[in-house]
Amino acid sequence: AANIYMRTGIDEVLKANPELQLVSDQPADYMSEKARQITETVLQQHPDLCGIMGIWDNAEVGAGAAVAAAGKQDQVTIVTNGAGSATGCESIKNGLLDVIFNFNSPIQAEIAAQQISELLQHPERQAGSEKTIFFGPITRVDKTNATGRNCWKLDELK
């Protein structure tokens, strides 16, 4: 479902900005190597490409590698999303990605744990009797803030 929601957002931005032209729409199946290959081909077909929007930071590192190999890091902006791991931040610091919209999975886990705790403390509630929605923060991470809690490491969370 996340892909559908993100794609809907991309489509809305393109519709609102007709000066932006979508020149390629190819899934990389969350595979960095496939993203690299696709990006190499797209850059050959569209040498004036200005941006890439991906769905997962680890996969888009391949796109970033293709852009870097073509010497177009100052021309092509790569935007994606991710869980907020340190590898995504390192990719920003290394110039392979420009922006990650970070949903920070440790915060998502904290929200889920709090909800489970709340439900366990009230066993008298019937299943489905309560409708609750929690919204976790989305953080725009770039070179200015690719540090701290925006860049968690699994060992630090254990």
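Since we're looking at a predicted model, the values are computed, not measured.

Draft legend 1. Fine view of the state of the cysteines. Under the definition given, this model contains one disulfide. Here Cys 89 connects covalently by a disulfide to Cys 151, the sulfurs 1.9 Å from one another. With the S-S bond torsion at -85 degrees, the cross-link from Cys 89 to Cys 151 turns out left-handed. Highlighted residues: Cys 89 in helix α4 (residues 86-93) and Cys 151 in the loop between β4 (139-141) and α6 (154-157), separated in sequence by 62 residues.

Draft legend 2. Spotlight on empty space enclosed by the protein. In the structure shown here, the tally under the stated rule is one cavity of 30 Å³ or more. Each pocket or cavity is described by its volume, and for the largest cavity that value is around 40 Å³. In this structure, the largest cavity is lined by Asp 57, Gly 84, Ser 85, Gly 88, Cys 89, Ile 100, Asn 102, Val 141 and Asn 150. Elements represented by at least two residues in the lining of the largest cavity include exactly α4 and β3 (99-102). The residue inventory of the lining of the largest cavity, partitioned by class, reads three nonpolar, five polar and one charged.

Draft legend 3. Inspection of the environment of Thr 80 at higher detail. The topology assignment puts Thr 80 in strand β2 (residues 77-82). In this view, Thr 80 contacts Met 53, Gly 54, Ile 55, Trp 56, Asp 57, Glu 60, Leu 97, Val 99, Ile 100 and Phe 101; residues no more than four positions away in its chain are not counted. At 3.1 Å, the side chain of Thr 80 forms a polar contact with the backbone nitrogen of Trp 56.

Draft legend 4. Just the packing of aromatic side chains, in detail. Per the counting criterion, the structure on display carries one aromatic pair. Ring geometry for Trp 56 against Phe 103: centres 6.1 Å apart, planes inclined by 35 degrees, an arrangement best described as tilted. A residue pair is termed long-range when its members are at least 10 positions apart, and Trp 56 in the loop between β1 (51-53) and α3 (57-69) and Phe 103 in the loop between β3 and α5 (105-120) qualify at 47 residues. Among the residues examined, Phe 103 registers a relative accessible area of 25% and is labelled partly exposed.

Draft legend 5. A look at the nonpolar core. Core analysis: the biggest nonpolar cluster contains 19 residues, and Ile 52, Val 76 and Ile 78 have the highest contact counts within it. Broken down by secondary-structure element, the contributors of at least two residues to this core are α2 (32-45), α3 and α4. With four residues, the top contributor of residues to this core is α2. With sequence-adjacent residues up to four places away left out, Ile 52 is seen in contact with Thr 39, Glu 60, Ala 63, Val 67, Val 76, Thr 77, Ile 78 and Val 79.

Draft legend 6. Local environment of the side chain of Asn 104. Here Asn 104 is to be found in the loop between β3 and α5. Within the local environment of Asn 104, its side chain forms a polar contact with the backbone oxygen of Arg 149, the two atoms lying 3.0 Å apart.

Draft legend 7. Up close: the environment of Asn 102. Structurally, Asn 102 is set in strand β3. Separated by 38 residues in the primary sequence, Asn 102 and Arg 140 place their C-alpha atoms 6.2 Å from one another. What Asn 102 contacts, discounting residues up to four positions off in sequence, is Gly 82, Ala 83, Gly 84, Pro 137, Ile 138, Thr 139, Val 141 and Asn 150. One polar contact links the side chain of Asn 102 to the main-chain amide nitrogen of Asn 104, over a distance of 2.5 Å.

Draft legend 8. Structural view of the layout of surface pockets. Roughly 1,300 Å³ of volume is contained in the largest pocket. Taken together, 41 residues form the lining of the largest pocket, with Leu 22, Ser 24, Ile 52, Met 53 and Gly 54 sitting closest to its centre. When contributions to the lining of the largest pocket are tallied by element, the ones reaching two or more residues are α1 (2-16), α2, β1, α3 and β2. Top element by residues in the lining of the largest pocket is α1. It accounts for seven residues. In this structure, the second largest pocket encloses a volume near 150 Å³.

Rules used throughout
All residue numbers refer to position in the chain's written sequence, counted from 1. Only residues with pLDDT of at least 70 are given local features in this predicted model, and only at 80 or more are side-chain atom pairs given and counted; all residues enter the totals for whole chains, interfaces and linings. In computing side-chain properties, one takes all heavy atoms of the structure into account and sets aside hydrogens as well as water. Disulfides are defined in this document as cysteine sulfur pairs within 2.5 Å. Put simply, DSSP H or I for four residues or longer makes a helix, DSSP E for two residues or longer makes a strand, and each gets a number counted from the N terminus. Put simply, the grid is 1 Å and covers the protein atoms alone, a cavity is a trapped set of points that fit a 1.4 Å probe, a pocket is an open set with protein on both sides within 12 Å along at least five of seven lines, and lining residues have an atom within 4 Å of a point. Grid points are joined across faces, edges and corners, and a volume is the space filled by probe spheres set on the points. Any residue outside Ala, Val, Leu, Ile, Met, Phe, Trp, Tyr, Cys, Pro, Asp, Glu, Lys and Arg is labelled polar, Gly included; the first ten of those are nonpolar and the last four are charged. Here, residues are in contact when the closest pair of their heavy atoms is within 4.5 Å. Contacts described as polar in this section are N or O atom pairs within 3.5 Å, which, within protein, must combine one atom able to donate a hydrogen with one able to accept it, while residues neighboring in sequence count only if both atoms come from side chains. Between the rings of Phe, Tyr and Trp (Trp by its six-membered ring), a pair exists once the centres lie within 6.5 Å; its type follows the angle of the planes, with under 30 degrees stacked, over 60 edge-to-face, and the other angles tilted. Each residue gets one of three labels from its accessible area relative to the maximum for its type: buried under 20%, exposed over 50%, partly exposed in between, using a 1.4 Å probe on protein chains only. Nonpolar cores were defined as sets of buried Ala, Val, Leu, Ile, Met, Phe, Trp, Tyr and Cys residues, with membership established by side-chain atoms within 4.5 Å.

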